[in-house]
Each structure stands twice: as structure tokens, then as C-alpha cells.
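# Structural characterization, general
Residue strings, one per chain:
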Amino acid sequence: MMIKKAVIPAAGLGTRFLPATKAQPKEMLPIIDTPTIQYVVQEAVDAGIEDILIISGRNKRAMEDHFDRNTELEDRLTKEEKETLFNEIRHIADMANIHYVRQKEISGLGDAIYYARFHTGNEPFAVLLGDTIINSVIPVTQQLIDVYDQYQSTVVAVEVVPKDKVSRYGIVGGDKLSDHIMEVNTFIEKPSIKEAPSNLAIAGRYILTPEIYKALEQTPKGKNNELQLTDALLNLSRKEKVMSVTIEGKRYDIGNKLDYLKTTVEYALRRKEFAKPFYEFLQQIVKETDGKNL
Ligand code: G1P
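Reference entry: report on the structure contained in this document. Nothing here was measured: the structure is a model prediction, and the numbers come from that model.

Conventions and cut-offs
- Residues numbered from 1 in each chain as written.
- Predicted model: local features only at pLDDT ≥ 70, side-chain atom pairs only at ≥ 80, totals over all residues.
- Heavy atoms only, no water.
- Helix = DSSP H or I, 4+ residues; strand = E, 2+ residues; numbered from the N terminus.
- Rg over C-alpha atoms; globule rule 2.2 N^0.38 Å.
- Buried < 20%, exposed > 50% of the residue type's maximum accessible area, 1.4 Å probe, protein only.
- Near = heavy atom within 4 Å.
- Polar contact = N/O pair within 3.5 Å; in protein donor to acceptor, adjacent residues only side chain to side chain.
- Areas by Shrake-Rupley, 256 points an atom, 1.4 Å probe, with all protein chains shown as cover.
- Nonpolar A, V, L, I, M, F, W, Y, C, P; charged D, E, K, R; others polar.

Further remarks concern the overall build of the chain. From N to C terminus, the chain includes 11 helices and 13 strands. Taking 19 Å as the expected radius of gyration for a compact globule of 294 residues, we find that the chain reaches 20 Å, a close match to that expectation. Across its three principal directions, the C-alpha atoms of the chain cover 60 × 50 × 35 Å. Within the chain, the proportion of its 294 residues that are buried is 48%.

In C-alpha cells:
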């Protein structure tokens, strides 16, 4: 079956980014001038997906406004003959067919995904975490779809992380089928270094089949007393094939302050209009600081 729908969980409280996330979603934090969630939607669109369900929540309305039209702003830009900006703003409302459902309580990623069941029905679908962007040549969602097409089963994106970071992620273990594909038989959410079956971490992108909903129903609450998608995937892997693919690309976790800063710097250096002056500024500031205050 073709992957025609994507689900973007974006209901988290953003506690790692307070106070910025007290009254606005972390998914709206901009990387230079573009909100994180717009990069995520763009990745789905680049993989041929036009139907997107955003799992939203309280304090998240700015996301809906962002993907809607803003006719007052459009009128102003027209009057001021700012055509390029007008087109850019107008285009955002037409990127995809975006739907929203609100997660009523923050009860984990598994619970958030369970809200998508009426929307995705009997179809397989992509999941893209709303606070994670990935810079790659081939959109990571496309990399997963390619593996899904080959195996017709659940696919999880993974990447190698340093051993001392395994407790931040869902970690997988299994049998290698090729350089980058594995059949997974172990999933552990945020294990200790000792418990971790490998240093392959779930990287915030998935292709799920409708069977995930039954698996979620049969999964008890896990880490942090929340329903974990990782635990449901472990249950599912006992009944049917679950594959992992080591992604080609660089992942950025926007919900974490230091990663956010690094992301902004890297993306600024990739932007034509900022690359040179920003690079010169960085060189200057590094020279001036010279390791002081570290
Ligand atoms: C979630 C998942 C985890 C995954 C991570 C990737 O955790 O539960 O398995 O590795 O996203 O960012 P969170 O970051 O929401 O705690």
C-alpha cells in the first residue's frame, strides 16, 4: 500500500525549553525565520505526502494559524508590492492538507499516536516527530518509505549515538540484514547504558501499519508512567516483522536548548544571504572570547 498520510505528534509541553514554551509551542520555535514544524511538514511533502494530521494540544494554536491564510498580511504585502514575500507566505497555507486533533492529556507518544486511528484507518502511515528536523539529500521519510515498499512492514529510523547518550532515546537491537537495514527484536525506551542492546537510537521518524493501534491497546504504561510507542513496537515485533533503517542525514532536536543553538548556527551557515557575514562574525567572536568564561 502507498504511504499517503503522515502524523506529526506535536502535543508535548516543551519543558526542556522553558520559559520560551510557556505560552507557545516548541514546534513554532524558528530556525532563523522558519518554524520547526514547517521544516517537518516540508519533509513529508518532499516524500510525496499531502495529507497530514498534527496531534496538537492546549497552547498550540499558533501552529494552526501558521498553516492558515492571513489575508490581512497578504493585503498589506500586496499593497507594498512585496511579491516574493507574498508568495512565500501564501504558499505555506497550500503546502498540504493539514488536519488537527488534540491530545487531551499528556500521556506519552504512544497515546498521541493512538489519536490518529480514525484518520489513518486501515492505511500504513508515516510519523514525523514535530520537534525534530533532519537535513539530508533524500528526505528521511522517503528513505523509510523505500524500505517499507521492500518489506511491507513497520519501519523505524535509527542512528548511531554515543554510548553515554543512549538513556535519552528509544534503543533497538536485532539482526542485521544489510549495511543499514535490521530486523528488530528488542526495543527499550531510554535504557541505562547497561540495559541498552546497542547504540542505535530511534531518530523520530517511523512508518507504522494499522496493527500499531492494537499493539498500543495491549501495551501498559511504561517510562514516566506514559504510554510509550517504543513499548508498543516491542509487542508488535513479537507478532510481525519490524525493520529499522540507519538514516542518511543529520538530525536536530529542537526541543533541547543547546541543540537548538547549534541548529541555528548550522542552518545560518547554509543560507546564502548569511553564510559569509555570519561565518566572519563567528570567527571574530571565537577570537575575542578565546576560551574565556568556559
Ligand atoms: C521520543 C521517543 C524515543 C525517540 C526520541 C527521538 O522520545 O520516545 O524513542 O528516540 O523521541 O527524539 P522524547 O524525545 O519525546 O523523549
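The ligand sits among Leu109, Leu129, Tyr169, Gly170, Glu189, Lys190, Ile202, Thr230 and Arg251. Gly170 places a main-chain nitrogen or oxygen 3.0 Å from an oxygen atom of the ligand. Separating an oxygen atom of the ligand from a side-chain N or O atom of Glu189 is a distance of 2.7 Å. Bound to the protein, the ligand loses 80% of the 380 Å² it would expose on its own. When its residues are assigned to classes, the shell around the ligand shows 4 nonpolar, 2 polar and 3 charged.

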